[in-house]
Amino acid sequence: MNSDDDGPPQAQAQAQPSANPTTTATHATINSTPFEPPETASVITEFQIQELVVEEHCREGEQKDTDKEASPGRGQEEYDQFLRLKAMFQQDPAVHDRLVRRLDYRILPMLFIFYLLNSLDKNNAGNVRIYTFLADTNMTPKQFNLALSWFFFTYAGFEAPSNMILRKVGARRWLSFLVVCWGIVTFGTAWCRSHTDYYIFRILLGVFEAGMFQGALFTLSCWYPSEELQTRCALWYSAAMLSGAFSGLLAYSVGGLDGRYGMQQWQFLFICEGSITITAGLVGFFTCVDFPGRWSSRFFTPDEMQYLSQRVKYQSGPVAPDEEFRWSALWEAMKDWKTYAIASLLAFGGSTPTYSINFSIATIVRGLGVSTISAQALTAPPYVFAFFCVIAIARYSDKYQCRARSLLISYSVGLLGLVILWPSLYHPKLHGLSYFSLFLVIAGFNMQAPAVGSWLGTNVRNPAKRAGAMGWQSTLGQLVGGCTGSNIFLAHEAPVYPTAFAVIFILVIFGGVGVTLINWYCLRAANRAKDQLGDDAVSEYTEEQLSKMGEYSPSFR
């Protein structure tokens, strides 16, 4: 990881000691940094522990190890070929940039559409609530909030297993399957008749939507190196901002359909969203991206495809990560402290404020003295503003390789919005100021999401463990943050909601800002500890052992 005080990436790479060129990784990718706890007396001891784990994996995969020994030069030949292609494509930066943009055009659009629909179908509760949904289903506000909470139990619980299945079967088939399934659930919700029905639909929606967020992030982390990853995550994640704007406009558009064909406005909303989602999922079976090595495209030559698919694999040098799929990698991720640090950022700095505001923004805006239908339309502009802010902070973070700094900026913007919004709601003459503050709140607490995802994605090297870590941290973060966020805006406290704003403020300060600083310090300390080991620490291991050690390899930065 490069911290705010470490300087530009190139300067850091020059400052780090050189290592054996045949076994060590380059030090340029300093954002991807593991950490052994500062209280550990000897860093070597941690590496020796990792070596025991490596030896155990080697015994379990003895037959595969024999196959590798039969062709010992295969990995080096592939790396040499990659270096040749890298030199060819990077000799002209403009040509290289155009090549990466072509990859963007091929990968991002379908993932963008999938996540837009994911956010649309997940967050439509705020839109249907201010129509006649509660009255038509004989549901109390407490039962409605409980249904939102049930969603997060299955949504969070299935994220880690879904990510492991994704790694096993491939992104194209698994993600498209999930989209079709949750589209059917959304479509069926139009015929909800009671709170029990809504509980069931939200539980099923959580099951199928669980794999999209971390699944898409993991897929992007397999194609883009650390210096490009957050910008692409932001371009993809910005779909959530557009969904916030689009959901308000879509809800506004069905406002005049009340009573048509014997159905209510909220029923038309579910039918429209479900139909669009099912169609997009079916198209995805033919157009969605897959993992490197399992996917090719007629838009690229064989040399271009080989270079693009190996950039992440060899971004740290000739020692490739261990790409073997193991279910035990999930357990390894669950034991890693980095998973829980990022889970705290997701839960308290991200999920709690974003979900609570998403579920309640239409109600807050209606409390500013506008009609129900106008409130739906007025929820759109803050999300459009957030769309541009998310992309801007990600480009800044990738340029200067400063995940921690970008997170602190994001939290500051969101907290500033809360400081303005909370007291202004007590004054009827300040409705304009209240509405302005929503722009800051929504932008700030959404700007952090791509940084959180890419920070973990670039600090867990081996793909199977990375899939497990991203899934497990999201399980914890979404469960805690989602259940909290969906229950803190209490109807009897409208329109000022003191409990909600106090909870958000405290959690973001301690669970967001505080943990960001701790994570940054620990990762930087690990870098410096490794730098002091010298080349001898690397020479004690074979390339295969270094590969299986992943981010705990002394050659990995």
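Presented here is a report on the structure given in the accompanying data block. (Residues numbered from 1 in each chain as written. Predicted model: local features only at pLDDT ≥ 70, side-chain atom pairs only at ≥ 80, totals over all residues. Heavy atoms only, no water.)

## Focus on the overall build of the protein chain
This is how the line gets drawn: In DSSP terms, a helix is any run of H or I states spanning at least four residues, a strand is any run of E spanning at least two, and both are numbered starting from the N terminus. Note on definitions: a residue-residue contact is assigned when non-hydrogen atoms from the two residues lie within 4.5 Å. Accessible surface is estimated by sampling points in the Shrake-Rupley manner with a 1.4 Å probe; for residues, cover comes only from the protein chains shown.
Looking only at helices and strands, the protein chain has 25 helices and 0 strands in total. In the protein chain, 84% of the contacts between residues at least 6 apart in sequence involve partners at least 24 apart. Total accessible area on the protein chain stands at roughly 21,300 Å², and carbon and sulfur atoms take up 63% of it.

## What to know about the packing of aromatic side chains
Put simply, the rule is: Here is the rule: rings of Phe, Tyr and Trp (six-membered ring for Trp) pair when centre to centre is within 6.5 Å. Planes less than 30 degrees apart are stacked, more than 60 are edge-to-face, and the remainder are tilted. Counted as over-ring charges are cases with an Arg CZ or a Lys NZ within 6 Å of the ring centre that also lie within 35 degrees of the ring normal.
With the rule as written, the count across this model stands at 32 aromatic pairs. Measuring from ring centre to ring centre gives 5.6 Å for Phe82 and Tyr314, while their planes differ by 40°; the resulting arrangement is tilted. Of this pair, Phe82 sits in helix H4 (residues 74-90) while Tyr314 sits in the loop between helix H15 (302-310) and helix H16 (328-334), and the two are 232 residues apart along the sequence. An angle of 75° between the planes, with centres 6.5 Å apart, marks the rings of Phe133 and Phe144 as edge-to-face. Of this pair, Phe133 sits in helix H7 (residues 133-136) while Phe144 sits in helix H8 (residues 141-157); the two residues are 11 residues apart in sequence, bridging distant segments of the chain. Three or more aromatic residues joined by ring pairs form one cluster here, namely Tyr79, Phe82, Phe89, Tyr307 and Tyr314. In this structure, Arg202 is placed above the aromatic ring of Phe151, and the distance from its NZ or CZ to the ring centre is 4.7 Å.

## Side note on the pattern of salt bridges
To keep it simple, the criterion reads: Just to be clear on terms, a salt bridge is a Lys or Arg side-chain nitrogen sitting within 4 Å of an Asp or Glu carboxyl oxygen. Each residue is assigned to one of three classes by its accessible area relative to the maximum for its type, calculated with a 1.4 Å probe on protein chains only: buried under 20%, partly exposed between the two thresholds, exposed over 50%.
This model, assessed by the stated rule, comprises 7 salt bridges. Residues Glu304 and Arg102 are paired through a salt bridge, measuring 3.1 Å at the closest nitrogen-oxygen approach. With a gap of 202 residues between them, Glu304 in helix H15 and Arg102 in helix H5 (residues 93-122) connect regions that are remote in the sequence. The salt bridge involving Arg403 is made with Asp398; its shortest N-O contact spans 3.0 Å. Neither residue differs from the other here; Arg403 and Asp398 are each classed as buried. Each of the salt bridges in this network shares a partner with another, and the network as a whole consists of Asp336, Lys338 and Lys465.

## Re the packing of H5 against helix H10 (residues 171-188)
Condition: Note on method: axes are straight lines fitted to C-alpha atoms, helices fitted across the in-contact stretch only, with angles between N-to-C directions ranging 0 to 180 degrees. Note on angle classes: values under 35 degrees are labelled roughly parallel, values over 145 roughly antiparallel, values of 65 to 115 roughly perpendicular, and the remainder oblique. A crossing counts as left-handed when the near helix is turned anticlockwise from the far one by less than a right angle, and as right-handed when that turn is clockwise.
The geometry of H5 relative to H10 is characterised by a closest axis approach of 11 Å and an angle of 30° between their N-to-C directions. Classified by the angle their axes make, H5 and H10 are roughly parallel. Considering only the axes of H5 and H10, their crossing is left-handed. Mapping the contact onto sequence places Leu111, Phe114, Leu117, Asn118 and Asp121 in H5 and Leu175, Ser176, Val179, Trp182 and Thr186 in H10.

## So, unusual backbone geometry
Residue Pro495 is reached from Ala494 by a cis peptide bond, and omega for that bond is 5°. Mapped onto the elements, Pro495 comes out in the loop between helix H22 (463-485) and helix H23 (498-531). Residues other than glycine seldom take positive phi values, yet Asn138 does so here, at roughly 55°. With respect to the secondary-structure elements, Asn138 resides in the loop between H7 and H8.

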